[in-house]
Amino acid sequence: VPHGTLSRVWAEVNDGRERRMTIYTPSDYEESKRRYPVLYLLHGMGGDEEAWVATGRVVEILDNLIAQGKAEPMIVVMTNGCTKHVSAPGYSHEGMWTPYMSGSMDGSFEAMFPSIVEWVDSNYRTIRKPQSRAIAGLSMGGFHSMQISKEYPEMFDYVGLFSAAIFRGQEGVATYENLEAKLERQFSSGISLYWIAIGSEDFLYEENVKYRALLDQKGYKYEYRETGDGHVWRNWRIYIAEFAQKLFKKNK
């Protein structure tokens, strides 16, 4: 099948540092002049901007889905959700820092995210409207996707929470407060897809049950996908393959 291009880029964001991102562009990006929708795909605790490529196999998944006409051609942006570090271990002046349990659930990643979107829109041929932006992630990345999408409801029309660590944010952070009021604003403004997926043996299962109960109580519409197994890449590859096929169909 035609293969997309994978680039490693350095972007200056609003924390004053250049940060490394891994970006997938579909196979016809270089030859065309069209603009593309964007999926921001976030990793979990202990991961980095290489995780979805190396272990999630997202490049192969997207190449095949696009070639089969099952997914729209899209740009996929993978960032480093650990704001203490600017790149995956070994790719910057920081050397081989230890990734395990390195993450940012203190509001810093959410605060810098609009500048990430702005940089991507300024450097790639993107469709700059919420109907052409999606955000999704696994575990900590699911937490970030939930938080970012409710903080900036005008930015994303598609949201995917894969085995999300829903209620794990640091206490006392304004970004994580007033959840219900922020969800009301997000869902009342309209959203094309809010997709929740988790394995039945996942240690975050009950957390997701509690979150879905809140959404049900408020009458917010979402799609739910449950698989077997636990907190494993086998599930997350399934989720990204299914979620990608649901994106940006209204653009046609």
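Everything that follows concerns the structure shown earlier in this document.
All of the points below concern the structure found in this document. Keep in mind it's a predicted model, so treat the numbers as computed, not measured.

### Digging into empty space enclosed by the protein
And step 1. If you walk through the whole model with that rule in mind, you get one cavity of 30 Å³ or more.
And step 2. Of the pockets and cavities examined, the largest cavity occupies roughly 30 Å³.
And step 3. Residue lining of the largest cavity: Val13, Arg19, Arg20, Met21, Thr79, Asn80 and Ile116, and that is the complete set.
And step 4. Considering every element that reaches the lining of the largest cavity, the biggest residue donor is strand E2 (residues 18–25), with three residues.
And step 5. Its residues assigned to classes, the lining of the largest cavity comprises three nonpolar, two polar and two charged.

### Quick word on the pairing of strand E4 (residues 75–78)
And step 1. The alternating pattern of E4 places Ile75 and Val77 on one face and Val76 and Met78 on the opposite face, and all of these are buried.
And step 2. Pairing geometry for E2 and E4, over three bridges, is antiparallel. From the neighbouring strand, Ile23 faces E4, where its bridge partner is Val77.

### Notes on the packing of aromatic side chains
And step 1. Per the stated rule, a full pass over the model turns up 20 aromatic pairs.
And step 2. Relative to Trp195, the ring of Phe162 has its centre 5.8 Å away and its plane inclined at 85°; by these criteria the two rings are edge-to-face. Of this pair, Phe162 sits in strand E6 (residues 158–162) while Trp195 sits in strand E7 (residues 193–199); the two residues are 33 residues apart in sequence, bridging distant segments of the chain.
And step 3. The buried category is assigned to Phe162, whose relative accessible area is 0%.
And step 4. When its relative accessible area of 2% is taken as the criterion, Trp195 is described as buried.
And step 5. With centroids separated by 4.9 Å and ring planes inclined at 50°, the aromatic side chains of Phe187 and Tyr194 adopt a geometry described as tilted.
And step 6. Clustering of aromatic rings is evident, with ring pairs tying together Trp52, Phe162, Trp195, Trp233, Trp236, Tyr239 and Phe243.
And step 7. Taking the ring centre of Tyr29 as reference, the NZ or CZ of Arg125 above it sits at 4.2 Å.
And step 8. Over the ring of Phe167 we find Lys210; its NZ or CZ atom is 5.0 Å from the centre of that ring.

### Observations concerning the layout of surface pockets
Gaps between atoms show up when a probe of the same size as a water molecule is rolled over them.
And step 1. Quantified by volume, the second largest pocket comes out at close to 170 Å³.
And step 2. Lining of the second largest pocket is provided by 14 residues; of these, Gln147, Ile166, Phe167, Gly169 and Tyr176 occupy positions nearest its centre.
And step 3. Ranked by residue count, the leading element in the lining of the second largest pocket is helix H4 (residues 140–151), at four residues.
And step 4. Class assignment for the residues of the lining of the second largest pocket results in seven nonpolar, four polar and three charged.

Conventions we followed
Residues numbered from 1 in each chain as written. Predicted model: local features only at pLDDT ≥ 70, side-chain atom pairs only at ≥ 80, totals over all residues. Heavy atoms only, no water. 1 Å grid on protein atoms, 1.4 Å probe; cavity = no way out; pocket = protein on both sides within 12 Å on 5 of 7 lines; lining within 4 Å. Points joined across faces, edges and corners; volume = space filled by probe spheres on them. Helix = DSSP H or I, 4+ residues; strand = E, 2+ residues; numbered from the N terminus. Nonpolar A, V, L, I, M, F, W, Y, C, P; charged D, E, K, R; others polar. Buried < 20%, exposed > 50% of the residue type's maximum accessible area, 1.4 Å probe, protein only. Pairing = 2+ DSSP bridges. Phe/Tyr/Trp six-rings, centres within 6.5 Å; stacked < 30°, edge-to-face > 60°. Lys NZ or Arg CZ within 6 Å of the ring centre and 35° of its normal.

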